[in-house]
Amino acid sequence: MGRRSFGMIDKLPSGRFRARYTGPDGRRHQALATFALKTEAGNWLAEQQSAIARGQWVPPELVKARLEAEAAALAKAAATETAKHITLGDYAATWLRERTNSKGELLRVRTREEYERLLAGPLAGLRDVAVGDLRAAQVRKWRAEELARGTKTQTARAYALLASIMKTAVADKLADETPCTIKGGTKTSTGIKVLPPTDAELETILATIRPCYRAMVVAAAIGGLRYGEVIRLQAKNVLVERDDQGGVVAVRLAVNEQVVWTKNNGAQVGEVKAAESVRTVAIFGSDARIIADHVHGLIGNALLFPAPDGTHYLHPTTFHRWWKKARSAAGRDDLHFHALRHYAGTAYAQAGATVKETMARLGHSTTSAAMRYQHAGNRDDELAARLVRRTAR
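This write-up is about the structure you can find in this document. These figures come from a predicted structure and were not determined experimentally.

## Some words on the overall build of the chain
When helices and strands are tallied, the chain shows 15 helices and 9 strands. The C-alpha radius of gyration computed for the chain amounts to 35 Å, which surpasses the reference 21 Å derived for 393 residues by more than 25%, pointing to a less compact arrangement than a globule. Along the first, second and third principal axes, the C-alpha atoms of the chain reach 115 × 55 × 50 Å. A burial count over the chain gives 37% of its 393 residues as buried. In the chain, of all internal contacts separated by at least 6 residues, the share reaching a separation of at least 24 is 62%. One way to put it: in the chain the 59 positive side-chain charges average out to a point 3 Å from where the 40 negative ones average out.

## As for the sheet that holds strand S5 (residues 238-242)
With respect to topology, 3 strands assemble into an open sheet ordered S5-S6-S9, the strand pairing being antiparallel. The open sheet has two edge strands with one neighbour each: S5 and strand S9 (279-284). Pairs of neighbouring strands in the sheet enclose a mean axial angle of 20 degrees, with direction left out of account. One ladder, built from 6 bridges, connects strand S6 (residues 248-255) with S9; its direction is antiparallel. Pairing of Leu 253 across the sheet is with Val 281, part of S9.

## A word on the side chain of Asp 287
Looking at where Asp 287 falls in the secondary structure, it is placed in helix H10 (residues 285-295). Filtering out sequence-adjacent residues up to four positions away, Asp 287 remains in contact with Val 218 and Ile 222.

## What to know about the packing of aromatic side chains
For any pair of aromatic rings, the description rests on two quantities: the centre-to-centre distance and the angle between the ring planes. Tallied over the full model, the rule gives 10 aromatic pairs. Ring geometry for Tyr 21 versus Trp 44: centroids 5.6 Å apart, planes at 55 degrees, classification tilted. Note that Tyr 21 is positioned in strand S3 (residues 17-22) and Trp 44 in helix H1 (residues 38-54), a separation of 23 residues in sequence. Judged by its relative accessible area of 1%, Tyr 21 falls in the buried class. Assessed through its relative accessible area of 14%, Trp 44 is described here as buried. Judged by centre distance (6.1 Å) and plane angle (45 degrees), the ring pair of Trp 95 and Tyr 115 falls under tilted. With Trp 95 in helix H3 (residues 88-98) and Tyr 115 in helix H4 (residues 109-120), this residue pair connects regions lying 20 residues apart in the sequence. Through pairs of rings, three or more aromatic residues link up here, namely Tyr 213, Tyr 227, Phe 319, Trp 323 and Phe 337. One cation-aromatic arrangement involves Arg 210 over Trp 322; the distance from NZ or CZ to the ring centre is 4.6 Å. Directly above the ring of Tyr 348 sits Arg 361, whose terminal nitrogen or CZ lies 4.8 Å from the centroid.

## Brief notes about helix H5 (residues 136-148)
With 13 residues, H5 extends 18 Å from end C-alpha to end C-alpha; this agrees with the ideal 18 Å at 1.5 Å per step. Within H5 the residues assigned to the buried category are Val 139, Trp 142, Arg 143 and Glu 146. Viewed end-on, H5 has its buried residues packed into an arc of 100 degrees, placing them on one side of the element. In H5, those exposed residues whose orientation departs by more than 90 degrees from the buried face are Lys 141 and Ala 148. Those residues of H5 that are buried are in contact with helix H6 (152-171).

## What about the side chain of Arg 361?
Within the secondary structure layout, Arg 361 lies in helix H13 (residues 355-362). For the buried Arg 361, no salt bridge is present, and the opposite-charge side chain at shortest range is Asp 287, 8.2 Å distant. Look past the residues within four positions of Arg 361 in its chain and what remains in contact with it is Ile 222, Gly 223, Arg 279, Val 281, Ala 282, Ile 283 and Tyr 348.

## So, the pairing of S5
Of the pairings in the sheet, the one linking S5 to S6 comprises 5 bridges and is antiparallel in character. Bridge pairing links Leu 239 to Arg 252 in S6. Between the end of S5 and the start of S6, which pair antiparallel, lie 5 residues, with Gly 246 showing a positive phi angle near 90 degrees.

## Some remarks on the nonpolar core
Counting residues in hydrophobic clusters, the biggest one holds 46 residues, and the most contacted among them are Met 216, Phe 319 and Trp 323. Of all the elements, helix H8 (residues 214-221) adds the most residues to this core, at 7 residues. When neighbours within four sequence positions are excluded, Phe 319 is seen to be in contact with Ile 209, Tyr 213, Met 216, Tyr 227, Leu 314 and Phe 337. Leu 126, Val 139, Trp 142 and Leu 174 belong to the second largest nonpolar core, which has 26 residues in total.

## Examining unusual backbone geometry
Although it is not a glycine, Lys 173 adopts a positive phi angle of roughly 65 degrees. Residue placement: Lys 173 occurs in the loop between H6 and helix H7 (199-208). Given the relative accessible area of 56%, Lys 173 is considered exposed.

## Considering the pattern of salt bridges
Pairing between side chains of opposite charge can happen when the charged atoms of each approach one another. Summed over all chains, the structure comprises 12 salt bridges. Here Glu 114 makes a salt bridge to Arg 117, at a shortest N to O gap of 2.9 Å. Separated by 3 residues within a single helix, Glu 114 and Arg 117 lie in helix H4, roughly one turn from each other. By relative accessible area, Glu 114 is classed as partly exposed at 26%. A salt bridge links Arg 332 to Asp 334, with the shortest nitrogen-to-oxygen separation between them at 2.8 Å. Linked through salt bridges whose partners overlap, the residues forming this network are Asp 10, Arg 18 and Arg 20.

What counts, and where the lines are drawn
- Residues numbered from 1 in each chain as written.
- Predicted model: local features only at pLDDT ≥ 70, side-chain atom pairs only at ≥ 80, totals over all residues.
- Heavy atoms only, no water.
- Helix = DSSP H or I, 4+ residues; strand = E, 2+ residues; numbered from the N terminus.
- Rg over C-alpha atoms; globule rule 2.2 N^0.38 Å.
- Buried < 20%, exposed > 50% of the residue type's maximum accessible area, 1.4 Å probe, protein only.
- Contact = heavy atoms within 4.5 Å.
- Lys, Arg positive; Asp, Glu negative; His and termini not counted.
- Charge placed at Lys NZ, Arg CZ, Asp CG, Glu CD.
- Pairing = 2+ DSSP bridges.
- Axes fitted to C-alpha atoms, helices over the stretch in contact; angles between N-to-C directions.
- Phe/Tyr/Trp six-rings, centres within 6.5 Å; stacked < 30°, edge-to-face > 60°.
- Lys NZ or Arg CZ within 6 Å of the ring centre and 35° of its normal.
- Expected span 1.5 Å × (residues − 1).
- Arc of directions from axis to C-beta.
- Salt bridge = Lys/Arg side-chain N within 4 Å of Asp/Glu carboxyl O.
- Core = buried A, V, L, I, M, F, W, Y, C linked by side-chain atoms within 4.5 Å.

Following this line, the structure appears as structure tokens:
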């Protein structure tokens, strides 16, 4: 051990030298590293003594912490700069795996498949662009080219997906700002509106569709159920209410699950589309009798509308064969099965339901969604007649 007027120098078993001293705080401090030469250790002690004399002394431990913080900041900046060069395709793949909805749940299979389709389709031209390099001008050019192809609705959905991905990229500091700045870019559509069937057209469909699917049409057109909700119905989900004479008064359909069809895994049973879609739907009158007759003899987990083999879920393609014939008989080759849900929303509103009541029946979580399912009916003369003024006699 070598004692000095300031500090001390120790020779270690390794042959290197350690420098230590007592600082103005009364604590023992030592150099952050050892020295190969004793003179180097002495020079370091001299620097510490000089710093103390000038009032500029900083404890070596604090110096170390500052150096480590600076090194970490530089490393983070370098990593961020490198990450900015990740392509949109690679970043989107991670985004899809980690993305959660408003309830903190990972994306559902059907939603993820739709996003993957958009990334592989309309967004394919942007997949190889680095996330940090994507600019508003590129996005505007891409969108204009997609719109020129006539795919307005799909382009709006793809733009909405891109905007969501880039919003996360900005939060991750992989992009300085979002390039998705087009006003109304997520709302562009073809303008083609869903036109629900008239009362007469619905009657024709019910009269001509294959009898085993008649109750299915009622559940959608009167109950407002989605296709996946309808084919998931089991006998235990149906409550039939009868009067004292045994006549059917009403049926109540308990909706709590749905079937979704995925590209790779076929039919999958899962939660309904939204928490509000868990509901019980009441149906009365002749429509209730159609469902009651259909469910007669079925118990427990028996499916109301199984595939022809009786064990699997009814695939949309199988059902479409019979749906196509029925809608053609009604003169509505344009009619999708989902349009029956629009009929339900419109009819319920015309019966006097408030928007909130219509939302509850159809299982909507927003008023904007509910309003999309309300259409002008064919009651113009009836409604106009109610406006006739009473004149004085």
